[in-house]
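Below are the chains, spelled out letter by letter.
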Amino acid sequence: MVSFRGSKMRGVGTFISRPLPFLLLHFTLLKCDITDGNVEHLKREHSLMKPYQGVGSSPSSQWDFWGSTLVTSSYVRLTPDERSKQGSIWNTVPVHLKDWEMHVQYKIHGSGKKNLHGDGIAIWYTKERLHPGSVFGSNAKFHGLALFIDTYHNDEAADRSFPYISAMVNNGSLPYDHGNDGRTSELGGCSSEIRNKDHDTYLAIRYSKGRLTVMIDIDDKNEWKECIDIGGVRLPTGYYFGASAATGDLSDNHDIISMKMYQLMVEHAPDEDSLDWTKIEPSVSLLKSPKGR
């Protein structure tokens, strides 16, 4: 476990966050290796924070929303605890950063008892934005990265507990398969008891030099725990961040409290710097196939 380089201000519901140091899994402990020259910078044009100024449909808005999404002074509710709802919120400004880290503060809660709630939240970094669809309220054949916080177990034969957090990189050729909870296209994941907590829950998505790392804090102990760590990931610049959620026959409140985007100052080789990063095809080079494929 690794302590936050920052703190949560209890009682006012805000999250002062800083990007994570590069994390390596060694036996059961996580050790920090801070790369020389890495400096964190909050990018406000890509961040969603209280009191949610710049959210709406005006030409100057930096975030736009769709469907059942409700913007309040305390949270952005993507869906209420009602059946058959879909909602999303999307950054209107494309990201032209090669290395970045996104911190998400969220809360999933509702009246449904164990295994009688759904469906979950997706965090997106994609070419498309505001494209409603069947995958947690968004497009199934997307271009880019998706992180799924799945709260409902569709594949009863699978040997995993839910809620389950997983990642997928897509070039538009593969649909996310709800029937098997995305196992065929999953890059990695972890089970996480994030529902109906008395406190907010957090995750951090880092992409730097071709490595994707996802960390979680679900216990409100100011500690990150590793969920996903995989190399060989290629993502272009010029895509959009967003969040979406959906309910079906079962439901939950799906709330986003904040999305904070940081630029990571990382040196790249001259041949990498000379590339047109907007033309990169989303892909993953794997040494072995993902579990379940």
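Just so it is clear, the model here is predicted, and its values are computed rather than measured.

Thresholds applied
Residues numbered from 1 in each chain as written. Predicted model: local features only at pLDDT ≥ 70, side-chain atom pairs only at ≥ 80, totals over all residues. Heavy atoms only, no water. Helix = DSSP H or I, 4+ residues; strand = E, 2+ residues; numbered from the N terminus. Buried < 20%, exposed > 50% of the residue type's maximum accessible area, 1.4 Å probe, protein only. Polar contact = N/O pair within 3.5 Å; in protein donor to acceptor, adjacent residues only side chain to side chain. Phe/Tyr/Trp six-rings, centres within 6.5 Å; stacked < 30°, edge-to-face > 60°. pLDDT = per-residue confidence, 0-100. Contact = heavy atoms within 4.5 Å. Salt bridge = Lys/Arg side-chain N within 4 Å of Asp/Glu carboxyl O. 1 Å grid on protein atoms, 1.4 Å probe; cavity = no way out; pocket = protein on both sides within 12 Å on 5 of 7 lines; lining within 4 Å. Points joined across faces, edges and corners; volume = space filled by probe spheres on them. Nonpolar A, V, L, I, M, F, W, Y, C, P; charged D, E, K, R; others polar.

All right, on to the environment of W124 then. Residue position: W124 is located in strand β12 (residues 120–126). In this structure W124 comes out as buried when scored by relative accessible area, which is 1%. Linking W124 and F148, residues 24 residues apart in sequence, is a C-alpha distance of 8.7 Å. Looking at W124, its side chain comes within polar contact range of the side chain of S244, at 2.8 Å.

Counted by the stated rule, this structure contains 11 aromatic pairs. Centre to centre, the rings of W100 and Y125 are 5.3 Å apart; their planes meet at 50 degrees, and the pair counts as tilted. Here Y125 lies in strand β12 and W100 lies in strand β11 (residues 100–109), a separation of 25 residues in the sequence. In this structure W100 comes out as buried when scored by relative accessible area, which is 1%. Aromatic ring contacts, followed pair by pair, group W100, Y125, Y207, Y239 and F241 into a single cluster.

Attention now moves to the confidence of the model for the protein. Averaged over all residues, the pLDDT of the protein equals 83, while 79% of them reach at least 70. Averaged pLDDT values for the elements of the protein fall to 36 in strand β5 (residues 29–33) and rise to 98 in strand β9 (residues 76–79). In the model, residues 1–18 has pLDDT below 50 throughout and makes 54 contacts with residues more than four positions away in sequence or in other chains. In the model, residues 21–39 has pLDDT below 50 throughout and makes 35 contacts with residues more than four positions away in sequence or in other chains.

Tallied over the entire structure, the rule returns 8 salt bridges. A salt bridge links D255 to R77; its shortest N-O distance comes to 2.7 Å. Placement of D255 in strand β21 (residues 253–264) and of R77 in strand β9 is noted, with a sequence separation of 178 residues between them. Note on accessibility: D255 and R77 belong to one class, buried.

For the coordinates displayed, the defined rule picks out 2 cavities of 30 Å³ or more. Space inside the second largest cavity adds up to approximately 30 Å³. W90, W124, T126, E128, R129, L130, H131, S138, N139 and F142 are the residues that line the second largest cavity. Grouping the constituent residues of the lining of the second largest cavity by class yields 4 nonpolar, 4 polar and 2 charged.

Right, let's get into unusual backbone geometry. The peptide bond linking K50 to P51 adopts the cis configuration, its omega dihedral lying at 5 degrees. Turning to its location among the elements, P51 is positioned in the loop between β6 (40–42) and β7 (63–67). Cis geometry marks the peptide bond from F162 to P163; its omega dihedral reads 5 degrees. If you trace the backbone, P163 turns up in the loop between β13 (143–150) and β14 (164–171). Positive phi outside glycine occurs at Y52, with the angle close to 65 degrees. Summarising the element assignment, Y52 is placed in the loop between β6 and β7. In this structure Y52 comes out as buried when scored by relative accessible area, which is 4%. We note that N196 has phi near 55 degrees; this positive angle belongs to a residue other than glycine. Looking at the secondary structure, you find N196 in the loop between β15 (188–191) and β16 (201–208).

A separate point is the side chain of E101. Within the secondary structure, E101 sits in strand β11. At 2.7 Å, the side chain of E101 and the side chain of H103 are in polar contact.

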